[in-house]
There are 2 protein chains.
Amino acid sequence: MLRVSRLADYATVVMAFLAQSPGGSRTAPDIAAATGLEIPTVSKILKRLVRTGLLQSQRGPKGGYQLAQQPEAISLAVIIEAMDDQPMGLTRCSQFLGLCANESSCSVRTNWQRISREIYRQLSAVTLADLVEDMSASRQNPVVTFVSGQSSREGERLGR
Amino acid sequence: MLRVSRLADYATVVMAFLAQSPGGSRTAPDIAAATGLEIPTVSKILKRLVRTGLLQSQRGPKGGYQLAQQPEAISLAVIIEAMDDQPMGLTRCSQFLGLCANESSCSVRTNWQRISREIYRQLSAVTLADLVEDMSASRQNPVVTFVSGQSSREGERLGR
DNA sequence: CCATACAGGACCGTTTCAGTCCAAAAAGAC
DNA sequence: GTCTTTTTGGACTGAAACGGTCCTGTATGG
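Treat the numbers as computed from the prediction; the structure is a model and nothing was measured.

What counts and how
- Residues numbered from 1 in each chain as written.
- Chains lettered and ligands numbered in written order.
- Predicted model: local features only at pLDDT ≥ 70, side-chain atom pairs only at ≥ 80, totals over all residues.
- Helix = DSSP H or I, 4+ residues; strand = E, 2+ residues; numbered from the N terminus.
- Expected span 1.5 Å × (residues − 1).
- Buried ≥ 20, exposed ≤ 12 C-beta atoms within 10 Å, placed from the backbone.
- Near = placed C-beta within 6 Å.
- Nonpolar A, V, L, I, M, F, W, Y, C, P; charged D, E, K, R; others polar.
- pLDDT = per-residue confidence, 0-100.
- Contact = placed C-beta atoms within 7 Å.
- Pairing = 2+ DSSP bridges.
- Arc of directions from axis to C-beta.
- Axes fitted to C-alpha atoms, helices over the stretch in contact; angles between N-to-C directions.
- Parallel < 35°, antiparallel > 145°, perpendicular 65-115°, else oblique.
- Left-handed = near helix turned anticlockwise from the far one by under 90°.
- Core = buried A, V, L, I, M, F, W, Y, C linked by C-beta atoms within 7 Å.

Pulling in residues and values, what's your account of helix α6 (residues 107-124) of chain A?
When the terminal C-alpha atoms of α6(A) are compared, their 26 Å separation across 18 residues agrees well with the 26 Å that a helix rising 1.5 Å per residue should span. Looking only at α6(A), the buried set comprises Val108(A), Arg109(A), Asn111(A), Trp112(A), Ile115(A), Ser116(A), Glu118(A), Ile119(A), Gln122(A) and Leu123(A).

Now the structure itself:
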């Protein structure tokens, strides 16, 4: 199984809503109503997004949340990362050291690290603007290459 | 958080061991000893790998497990998939229908589906042979383009 | 001064996953 | 033919992680 946590999933929905909503800040209850999520849950997500600098907040009446940057400047990777404090990595032994005896000689581990890094790069190449964009509509100029673009352009080979 | 389940992680190690071990089958206790995992755990993993056709098994004395195909023909994606019965997908709403009210109009959901598909493709491009290969040694001919290769060659644009 | 809204942290409940065990069947060996 | 070795399938258990909730405090504007 390979999966994004539910909180990270929700976070992308929340961010997408804020990206689409017109200028000015939205309150947590507003966002909850719009996304169909519970207020405490949305609130928790919003707090983390503020702490990591993805959102700006304003207290008091007329307060609320808004994007700290343009949708084009916010990547999926940072949104996902904002939801957890652990370092990014698909497998445990590629995240933490000292879990396995034959760590030093394990080619699987080092290769998993490369793969994790590559997938992270892919997620970094997708922006909030991409996520909001309705891809179902046929377009004349498919400029955005989305996930696959970045690495191919640079001819990356997993760090070799 | 984006992570592979621990069982899937172990499965890659088990498969890597079998790929590296000389011809003939290995018993579950053998594999457990070699990988440092518990016998029941390894056994559970082996059963699933057999059921999905990645391994061949032989009962009785002189029995054991061995790869059903060449390491070059087994991808990371199928190993990971073998460990769970759920359909592949990074987010819930991209896996199952009917979880969200505004499913039909949600661009986030459809875009997540594309991203999931793309990452699946990346994992399909990595074979067991790649995983076993020691990448730390400097090589003269870096032919294997690993994760990033496949999609760039085909100029994929997430299904557009 | 009061109402509104965010901030931070603590806390609990539940699901999910990893891990274990047991009875059964198959396949050689003697 | 029987005994031993090994896989098979399922059920069961324990624990940890995660999602979700709540409470107290602080800032802001009317």
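Help me get a handle on the protein's contact with DNA strand D, residues and values and all.
Close to DNA strand D lie 26 residues, the nearest being Ser5(A), Arg6(A), Glu38(A), Gly60(A) and Ser57(B). Sorting the residues of the surface near DNA strand D by element identifies α1 (6-20) and α3 (39-51) of chain A together with α3 (39-51) and β3 (64-67) of chain B as the ones contributing at least two each. For the surface near DNA strand D, the element with the most residues is α3(B), which contributes five residues. A class-by-class count of the residues in the surface near DNA strand D yields nine nonpolar, nine polar and eight charged.

Could you give an account of the protein's contact with DNA strand C, with specific residues and numbers?
Every one of the 26 residues lining DNA strand C counts as a neighbour, but Ser57(A), Ser5(B), Arg6(B), Glu38(B) and Gly60(B) are closest to it. Elements with a contribution of two residues or more to the surface near DNA strand C: α3 and β3 (64-67) of chain A together with α1 (6-20) and α3 of chain B. No other element matches α3(A), which puts four residues into the surface near DNA strand C.

Please give an account of the confidence of the model for chain A that cites residues and values.
In the predicted model, chain A carries a mean pLDDT of 76, and 71% of its residues have values of at least 70. Every residue in residues 136-160 of chain A is under pLDDT 50, and counting partners more than four places away or in other chains gives 47 contacts.

Summarise the pairing of strand β2 (residues 55-58) of chain B; cite the residues concerned and give the values.
All names here are of chain B. As paired strands, β2 and β3 are joined by four bridges and run antiparallel to one another. Paired with Gln58 across the two strands is Gly64, which belongs to β3. Hairpin remark: β2 followed by β3, antiparallel, with five residues in the connecting loop; positive phi at Gly60, about 75°.

Tell me about α3(B), and name the residues and values.
All names here are of chain B. Between the first and last C-alpha of α3 there are 18 Å, a value that for 13 residues agrees with the 18 Å anticipated at 1.5 Å per step. Residues of α3 that are buried include every one of Val42, Ile45, Leu46 and Leu49, and no others. The arc that holds every buried residue of α3, seen down its axis, measures 100°, which confines them to one face. Opposite the buried face of α3, at more than 90 degrees from it, the exposed residues are Pro40 and Arg51. Packing partners of the buried residues in α3 comprise α1, α2 (28-35), β2, β3 and α4 (76-82). At the exit of α3 stands Gly53, carrying a positive phi of roughly 85°.

Lay out the environment of Gly23(B) in plain terms, naming residues and giving numbers.
In this structure, Gly23(B) sits in the loop between α1 and α2. Taking the C-alpha atoms as reference points, Gly23(B) and Thr41(B), separated by 18 residues in sequence, lie 24 Å from one another.

Quick rundown of the packing of helix α2 (residues 28-35) of chain A against α3(A)? Include the residues and the values.
Residues and elements named next belong to chain A. Taken N-terminus to C-terminus, the directions of α2 and α3 make an angle of 115°; their axes are 9 Å apart at the nearest point. Considering their axes alone, α2 and α3 lie roughly perpendicular with respect to each other. Once α2 is placed against α3, the crossing between them reads as right-handed. Seen from α2, the contacting residues are Ala28, Pro29, Ile31, Ala32 and Thr35; seen from α3, they are Ile39, Val42, Ser43 and Leu46.

Could you give an account of the nonpolar core, naming the residues involved and the relevant values?
Core analysis: the largest hydrophobic core is formed by 71 residues, its most contacted members being Ala11(A), Val14(A), Ile79(A), Ala11(B), Val14(B) and Ile79(B). Counting residues per element, this core draws most heavily on α1(A), at eight residues.

Residue-level account of unusual backbone geometry, with values.
The general pattern is negative phi for most residues beyond glycine and trans for most peptide bonds. Unlike most non-glycine residues, Lys62(A) shows phi in positive territory, near 65°. Within the secondary structure, Lys62(A) sits in the loop between β2 (55-58) and β3.

Can you lay out the packing of α1(A) against α2(A) for me, pointing to particular residues and giving the numbers?
Residues and elements named next belong to chain A. It is at 10 Å that the axes of α1 and α2 come closest, and there the two elements cross at 105°. The orientation of α1 relative to α2 falls into the category roughly perpendicular. Residue-level contacts link Val13, Val14 and Phe17 of α1 to Ile31, Ala34 and Thr35 of α2. Among the residues making up the contact of α1 with α2, the classes are represented as five nonpolar, one polar and no charged.

Describe the environment of Ser21(A), and please don't skip the residues or the numbers.
Residues and elements named next belong to chain A. The residue Ser21 is located in the loop between α1 and α2 in this model. Since 15 C-beta atoms lie within 10 Å of it, Ser21 is described here as partly exposed. Sequence separation of Ser21 and Glu133 is 112 residues, and the distance between their C-alpha atoms is 13 Å.

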